[in-house]
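This is what each chain is made of:
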Amino acid sequence: MDMPLTIQEAAAALRAGTTTSMELTRALLDKIEALNSTLGAYITVTPEAALGEAAAADALFAKGIDHGPLQGIPYAAKDIIATSTAPTTANGTVLDPMWGEGYDATVIEKMRGAGGVLLGKTVLNEFAIGQPDAEKPFPMPQNPWDLPRTAAGSSSGTGIAVSSGLALGGLGTDTGGSTRGPSSVNGATGMKQTYGRVSKYGCVPLGYSLDGINPMARSAYDCAMILNVIAGYDPRDPTTVDEPVPDYTAKLTGDVKGIKIGVATKYFFDQPTLDPETKTAILAAVKALEGMGAIVSEVEVPYAGEAKDANSIIMWGEAFAYHRPDLASKYGEYGRFTSEVLGRGALFSAGDIVQAQRFRSYFRAQMAKLFESVDVIVTPTSIGPAGLRSEMSPEKQVASPGFTGQWNLAGLPAMALPVGFSSNTLPLSMQLIGAAFNEATVFQVGDAYQRGTDFHLRTPTHAQMGVAV
Amino acid sequence: METPDVETTVRGLLAAGGLSLTDTQVEKYVRIYPTFRAAADRLWDIPEIRYEQPAVVYKAKL
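Conventions and cut-offs
- Residues numbered from 1 in each chain as written.
- Chains lettered and ligands numbered in written order.
- Predicted model: local features only at pLDDT ≥ 70, side-chain atom pairs only at ≥ 80, totals over all residues.
- Helix = DSSP H or I, 4+ residues; strand = E, 2+ residues; numbered from the N terminus.
- Rg over C-alpha atoms; globule rule 2.2 N^0.38 Å.
- Buried ≥ 20, exposed ≤ 12 C-beta atoms within 10 Å, placed from the backbone.
- Contact = placed C-beta atoms within 7 Å.
- Axes fitted to C-alpha atoms, helices over the stretch in contact; angles between N-to-C directions.
- Parallel < 35°, antiparallel > 145°, perpendicular 65-115°, else oblique.
- Left-handed = near helix turned anticlockwise from the far one by under 90°.
- Nonpolar A, V, L, I, M, F, W, Y, C, P; charged D, E, K, R; others polar.
- Expected span 1.5 Å × (residues − 1).
- pLDDT = per-residue confidence, 0-100.
- Pairing = 2+ DSSP bridges.

The next point concerns the overall build of chain A. Of the regular secondary structure elements, chain A holds 14 helices and eleven strands. Over its C-alpha trace chain A gives a radius of gyration of 20 Å, about what one expects of a compact globule, namely 23 Å for 469 residues. In terms of overall dimensions, chain A has C-alpha extents of about 60 × 55 × 45 Å along its principal axes. Taken over 469 residues, chain A has a buried fraction of 59%. Considering only contacts in chain A between residues 6 or more positions apart, those separated by 24 or more positions represent 80%.

Quick look at helix α4 (residues 106–113) of chain A now. Because an α-helix packs 3.6 residues into every turn, residues spaced three or four apart end up facing the same way. All names here are of chain A. By the criterion of burial, α4 is predominantly enclosed, with six of the eight residues buried. Taken residue by residue, α4 has Thr106, Val107, Ile108, Lys110, Met111 and Arg112 as its buried positions. Against β2 (74–78), β3 (117–122), β4 (169–173), β6 (213–217) and α7 (220–230) lie the buried residues of α4. Just past α4, the residue Gly115 takes up positive phi, approximately 90°.

Before going further, it helps to spend a moment on the packing of helix α11 (residues 350–370) of chain A against helix α2 (residues 23–44) of chain B. Between α11(A) and α2(B), whose axes approach to 9 Å, the crossing angle comes to 55°. Relative to α2(B), the element α11(A) is oriented oblique. Crossing of α11(A) against α2(B): the hand is left-handed. In contact with Asp352(A), Gln355(A), Ala356(A) and Phe359(A) of α11(A), α2(B) contributes Ala40(B), Leu43(B) and Trp44(B). Residues that form the contact of α11(A) with α2(B) fall into these classes: five nonpolar, one polar and one charged.

Moving on to the environment of Ala440(A). Residue and element names in this part refer to chain A. When you line up the elements, Ala440 lands in helix α14 (residues 439–451). For the pair formed by Ala440 and Leu252, sequence separation is 188 residues and the distance between their alpha carbons is 8.4 Å. In this structure, Ala440 is in contact with Pro246, Tyr248 and Lys251, ignoring residues within four places of it in sequence.

Our focus in this paragraph is α11(A). With 21 residues, α11(A) ought to run about 30 Å at 1.5 Å a step, and its terminal C-alpha atoms sit 30 Å apart, in line with that. For α11(A), every residue scored as buried is listed here: Asp352(A), Ile353(A), Gln355(A), Ala356(A), Gln357(A), Arg358(A), Phe359(A), Arg360(A), Tyr362(A), Phe363(A) and Met367(A). Considering only its buried residues, α11(A) is in contact with α9 (304–330) and α13 (405–410) of chain A together with α2 of chain B.

For chain B, the average pLDDT comes to 93, and 98% of its residues sit at 70 or higher. Scored as a whole, the predicted complex attains pTM 0.97, and scored at its interfaces, ipTM 0.96.

To continue, consider the packing of α7(A) against α14(A). A pair of packed helices is captured by two measures, namely the crossing angle of their axes and the spacing between those axes. Residue and element names in this part refer to chain A. Axis separation between α7 and α14 bottoms out at 8 Å; the angle between their running directions is 150°. On the basis of their axis angle, the class for α7 and α14 is roughly antiparallel. Together, Ala220, Tyr221, Ala224 and Leu227 of α7 and Glu439, Phe443, Gly446, Asp447 and Gln450 of α14 make up the contact between the two elements. Taken together, the residues of the contact of α7 with α14 break down into five nonpolar, two polar and two charged.

The next thing to look at is the pairing of strand β11 (residues 427–434) of chain A. Residue and element names in this part refer to chain A. Of all eight residues in β11, eight are buried, a share of seventy percent or more. On β11, burial covers both faces: Pro427, Ser429, Gln431 and Ile433 on one face and Leu428, Met430, Leu432 and Gly434 on the other are all buried. Sheet analysis places strand β9 (residues 376–380) next to β11, joined by five bridges and oriented antiparallel. Paired with Val378 across the bridge in β11 is Leu432.

Shown next, in the form of structure tokens:
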């Protein structure tokens, strides 16, 4: 069997009878066994449970029962999401080991209901905010395109698993870019949907008013398939919105004629540190979309830098409220960067946090106004391709411009997708942002672009991943 | 009244936050604090939000 690269392809193969869920699951488990010690994608792999779910999916197919396109599809979940089949660690030893014990988060419940096959729990930056710490008893995530480089965070493991073929898709979380950053540097596609679109019940919080659990996969189409399953109101999460969920794949026809795309030049493309190859690749992607009939113009996102800062201030404040008791009693037990970043919440006043929330109202209104003139905004996802892990530090991260937190602040859907490779063969990424609850158009543009390119389908070589063939 | 220096301010904020840290740990916050303070202060300088409502919602009934 040739392993399908995408969920879409695997779903078709399962229905054509050219593969089975058992076959897909076994092949992925074998690959995880071979590569995980090098790549550090998974904290916990659950072969028995996965094979059980695969067998159940195959049994349903045999009976002619089809719960939808994710039936029999193996996927991975970030280890900050509760699953009844494995413990949840948040990639640290501080979290109560009984947290999340014995139940599934709503998203996992929905994935199981749709027939998904959970392979295991993936590595993250501790509590979705730290950075990898080699001194802690967790796998070190490696960028599969060049091992010494960062796999970014915080959903590093899911990003690695998707791009190196250790899962067909997966779940990440995103409070300031944690789904999109790892998608960007690992060469995956990741959609942070509108705030409130997906339940966060059963996920360790970072920033209560900013967090989301998000699809990550190779393609926009695959992300749409996952979002179709996990989206929807959940009474257990009061921040979810009781609105009907559209079929996110319905508009994925390759047609973008008349779609208005705004290129956010100021702040996003005029940073002196923006990697020139990234800029060139994104502008080429925009040109390609224009060639397909999209209408391109330049737009300005007001106070983009302040929006990034406001997002960080709210995130640190909310995270500090959650972590203060543990920071006070076991500061040193967190990873060496995690406590340092979480402690930042102590540096702001209550008034600062409320002021950031007042700015948030204003920014949301300004963005709603901007989306009256365009359907989608384009920005880079990251300042450039993956940097060397040895050169990363939380202080550098603060000093660097950011292109993702603005959309958590506004609560808008934002998707990262590959648009090429650097001269040293590292993935480059652009970000598409849509109006609130208009994920469908973001998917439409991303999918149309991916129909004409293969950047999202490329897989790192064994040599890049540092393993013998 | 004299404005306290950055280190004194940071030590005070961390202590008020319940964090009792070593000098090395405090130093990291001292280095970064001016950047953070400036970022927070910029939000107070935006005239358009002088009368804006914060983006928080509370409903009295569950």
